[in-house]
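Close look at the chain arrangement
What follows is the residue order along each chain.
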Amino acid sequence: MTKNVLFLPGDGIGPEVASAARKVLNWFGTHENFAVKVTTGLIGGAAIDVAGVPLAPATLAAACAADAVLLGAVGGPKWANQSFNLRPEAGLLDLRGAMQVFANLRPAVLFPSLSEASTLKPETVAGLDLMIVRELTGGVYFGEPRGVTELPDGKRRGINTHSYTCDEIRRVARVAFELARERKGVVCSADKANVMEAGLLWREEVQKLRDAEYSDVKLSHMLADNCAMQLVRAPLQFDVILTDNLFGDILSDQAAMLTGSLGMLPSASLGAPGKPGLYEPIHGSAPDIAGKNYANPCGMILSLALAFRHTLERPDLAARLECAVSRALENGVRTRDIGGAASTAELTDAVLFALGEKVVHVADV
Ligand code: IPM
Ligand code: MG
């Protein structure tokens, strides 16, 4: 069955890294007979420039009808003064909300050859392989009421609402527990139950679900600030970190730096089974280096690997692609953010080269 993949390159370095992933996807089409129909669309500032809105209804419909959506990045100084719902980021949030991709998987894996690229001591990060499960369609990103109002004295007041229902908490917690079962079986849930009622509800619901259905999984709770500290103090203690939308945004940037660079981290955003997945690197649009051909394409290419695993029903190709990225890095082909001088295109080509290499398995020798 032919799979439909929609590319939404977006802004900044988005188009550069998206075209890298597209090259890789084409490689699988040509060399592995992976049947895929690729379309592209506009999102973020790129869509604002053409259509006046960050996500046109037709693009949203195409995303919901695709098997997988591969998104580059959105945002940039050019659109920073737009009203809030016409900013590039609003397009991304609308997309996440409409696709109902409530579970955002952000794996932070240290490729062995990059242990020197991390700002942390190699022994602190060696063997790092953790998974952040970030709730993506609730919490303070979506809560109502929101906005800026004027007080009677003429001064302005900004409001955002952090809110979660128990169903929203349970469905994302379930994803974390299921993933943990395939990993080391350990979940740490991060919240601020000490100061937030919704945080306490989060903690209680996660614990209840674990006790009722996942007693084989080891669950601990950690305050989110402590979690941030533990991530740099002793990151190897973690297997799966489950957390809300805002804490997940912050903790995943932090986890990314353990792997050497924000440019390395992919993500998969999943909804109900059978629904399309949204795949994006976590790095953002990096306008300062846009168009220079030195952005790290790994976060985007590894996001394609996650698409193979979670939506495109080819976990074998996911594993091959992850291996190829690892080999390209071992061969010393690295972009600037991870201590090299290679361009986006050169690192992409090195991944394609590694894909094409004949792998001699020990058992075959
Ligand atoms: C991310 C990004 C987004 C977020 C922005 C671009 C809206 O930082 O995916 O981590 O805050 O979720
Ligand atoms: Mg972020």
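Residues numbered from 1 in each chain as written. Chains lettered and ligands numbered in written order. Predicted model: local features only at pLDDT ≥ 70, side-chain atom pairs only at ≥ 80, totals over all residues. Heavy atoms only, no water.

Focus on the domain arrangement of the protein chain
What the domain assignment reports for the protein chain is domain 1 (1-102 + 270-365) and domain 2 (119-258). Contact residues are listed per partner, giving 8 residues for domain 1 and 13 residues for domain 2. Our count for the domain 1 to domain 2 interface comes out at 0 salt bridges. The interface formed by domain 1 and domain 2 holds 1 residue pair in polar contact (both at pLDDT 80 or more) in total. Considering only residue class, the side of domain 1 that touches domain 2 consists of 5 nonpolar, 2 polar and 1 charged. (Domains from an automatic or database assignment. Contact = heavy atoms within 4.5 Å. Salt bridge = Lys/Arg side-chain N within 4 Å of Asp/Glu carboxyl O. Polar contact = N/O pair within 3.5 Å; in protein donor to acceptor, adjacent residues only side chain to side chain. Nonpolar A, V, L, I, M, F, W, Y, C, P; charged D, E, K, R; others polar.)

Observations regarding the site of ligand 1
Residues in contact with ligand 1, as listed here, are E89, R96, R106, R134, Y141 and D249. Measuring from an oxygen atom of ligand 1, one finds a side-chain N or O atom of R134 at 2.9 Å. One of the side-chain nitrogen or oxygen atoms of D249 is found 2.8 Å away from an oxygen atom of ligand 1. Contact with the protein chains covers 80% of the free accessible surface of ligand 1, which is 320 Å². When its residues are assigned to classes, the shell around ligand 1 shows 1 nonpolar, no polar and 5 charged. (Near = heavy atom within 4 Å. Areas by Shrake-Rupley, 256 points an atom, 1.4 Å probe, with all protein chains shown as cover.)

Quick look at the environment of N81
Position of N81 among the secondary structure elements: in the loop between β3 (68-73) and α4 (88-99). For the pair formed by N81 and R203, sequence separation is 122 residues and the distance between their alpha carbons is 38 Å. (Helix = DSSP H or I, 4+ residues; strand = E, 2+ residues; numbered from the N terminus.)

Focus on the state of the cysteines
Considering all chains together, one arrives at 0 disulfides under this definition. Of all cysteine sulfurs, the one in C188 lies closest to C227, which takes part in no disulfide; the gap is 5.2 Å. Judged by relative accessible area, which is 0%, C227 ranks as buried. (Disulfide = S-S within 2.5 Å. Buried < 20%, exposed > 50% of the residue type's maximum accessible area, 1.4 Å probe, protein only.)

Let's talk about the packing of helix α6 (residues 166-182) against helix α7 (residues 197-213)
Put simply, α6 and α7 touch, their axes get as near as 9 Å, and they point 50° apart. It follows from the interaxial angle that α6 and α7 lie oblique. Remark: the crossing between α6 and α7 carries right-handed chirality. From α6, C166, I169, R170, V172, A173, R174, F177 and R181 reach across to α7, where they touch L201, W202, E205, V206, K208, L209, R210 and E213. Here the contact of α6 with α7 is composed, by residue class, of 9 nonpolar, no polar and 7 charged. (Axes fitted to C-alpha atoms, helices over the stretch in contact; angles between N-to-C directions. Parallel < 35°, antiparallel > 145°, perpendicular 65-115°, else oblique. Left-handed = near helix turned anticlockwise from the far one by under 90°.)

Side note on the pattern of salt bridges
Taken as a whole and judged by the stated rule, the model has 18 salt bridges. In this structure, R183 engages D239 in a salt bridge whose closest nitrogen and oxygen atoms are separated by 2.8 Å. Of the two residues, R183 is situated in the loop between α6 and β8 (186-191) and D239 in the loop between α8 (224-233) and β10 (240-243); the sequence distance between them amounts to 56 residues. A relative accessible area of 26% means that R183 is categorised as partly exposed. A residue is classified by how much of its surface remains accessible, and D239, at 3% relative accessible area, is buried. Salt-bridge contacts for K208 lead to E205; the nearest nitrogen and oxygen are separated by 3.3 Å.

Here we look at the pairing of strand β1 (residues 3-10)
Most of β1 is tucked away, with 7 of its 8 residues classed as buried. Taken together, the 5 bridges between β1 and strand β2 (residues 36-40) define a ladder with parallel strand orientation. Residue F7 lies in a different strand from β2, and its bridge partner there is T40. Across 5 bridges, the pairing between β1 and β3 is parallel. Bridging across to β3, F7 finds its partner in L70. (Pairing = 2+ DSSP bridges.)

A few points about unusual backbone geometry
Following E144, the chain continues into P145 via a peptide bond in cis, with omega recorded as 0°. Even without glycine at this site, A286 takes up a positive phi of about 40°. Here N293, not a glycine, exhibits a phi torsion of approximately 60°, which is positive. Note on N293: relative accessible area 34%, which makes it partly exposed.

Concerning the nonpolar core
Ranked by size, the top nonpolar core spans 89 residues in total, and within it F28, L130, F177, L242, F308, L321 and L329 carry the most contacts. A total of 9 residues in this core trace back to one element, the largest contributor, which is helix α10 (residues 298-310). When we break this core down by domain, the ones giving at least three residues each are domain 1 (1-102 + 270-365) and domain 2 (119-258). Every residue in contact with L321, bar those within four places of it in the chain, is listed here: V24, F28, I301, L304, A305, F308, V351 and L355. (Core = buried A, V, L, I, M, F, W, Y, C linked by side-chain atoms within 4.5 Å.)

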